[in-house]
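Observations on chain architecture
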Amino acid sequence: MYPEPNPYASPQPQPHPQQHNPYASPQPYPQQNPYLNPPPQPPQPPHPHAGPEFLAADSRCGIVVDETGVTFDFEGQSAEFPWPDIQSVHSKPGGGHRLMVAVVLPGGKFYECVVKARNRVTLEQWFRELGHVLHVYLGRRDNPGSWTP
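Residues numbered from 1 in each chain as written. Predicted model: local features only at pLDDT ≥ 70, side-chain atom pairs only at ≥ 80, totals over all residues. Heavy atoms only, no water.

Notably, Glu 75 is not glycine yet its phi reads approximately 50°, a positive angle. In this fold, Glu 75 is placed in the loop between β3 (69-74) and β4 (77-82). (Helix = DSSP H or I, 4+ residues; strand = E, 2+ residues; numbered from the N terminus.)

Another aspect to go through is the nonpolar core. Within the largest apolar cluster, 26 residues are counted, with the highest numbers of intra-cluster contacts made by Phe 54, Val 65 and Trp 83. Broken down by secondary-structure element, the contributors of at least two residues to this core are β1 (54-57), β2 (61-66), β3, β6 (98-104), β7 (110-116) and α1 (120-142). The element contributing the most residues to this core is α1, with eight residues. (Core = buried A, V, L, I, M, F, W, Y, C linked by side-chain atoms within 4.5 Å. Buried < 20%, exposed > 50% of the residue type's maximum accessible area, 1.4 Å probe, protein only.)

This next bit is on the state of the cysteines. Taken as a whole and assessed by the stated rule, the structure comprises zero disulfides. Cys 61 provides the cysteine sulfur closest to Cys 113, a residue in no disulfide bond, and the two sulfurs are 4.5 Å apart. (Disulfide = S-S within 2.5 Å.)

Below, the discussion takes up the pairing of β7. Examined bridge by bridge, β6 and β7 share seven bridges and lie antiparallel to one another. Pairing of Val 104 across the sheet is with Phe 110, part of β7. The antiparallel hairpin formed by β6 and β7 contains five residues in its connecting segment, where Gly 108 sits at a positive phi of about 95°. (Pairing = 2+ DSSP bridges.)

Just distances and angles here, no functional claims.
This is how it looks when you write it as structure tokens:
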């Protein structure tokens with residue numbers, strides 16, 4: 001004999017036979033489908049520079065000073081000078097609204113780049129920013145451990 005159903009108990013769901021619906025979405029595969037995995041994540045961009053940077057450019061030339069060293073760009077040609085290879089860096093006004101920057105190597109050989117500012121205010125701003133950045137990197141080189149990002 002079968003036990004009597006309890007009238008106060010919650011009704012149990014009864015399985016329904018599935019009807020074929022041509023518009024229903026297909027059921028997922030029981031195992032993982034390699035085509036349904038999320039795409040791999042794109043590579044993360046490099047970490048931003050830890051220290052200050054300086055950039056001055058016009059239509060022909062560019063000067064970059066950052067934690068790696070000094071880079072001059074002249075009409076698409078670049079010259080990179082890493083900090084260990086630099087004896088000193090000098091800057092001065094180059095007539096008009098021009099900024100002249102020279103990198104001096106230990107043997108006395110030097111390279112310079114001239115960038116034209118749009119106006120005197122920009123030139124003055126470049127001198128302030130360049131002075132600060134050079135002070136950080138040349139000061140850190142002369143006094144290791146004195147500056148931390």
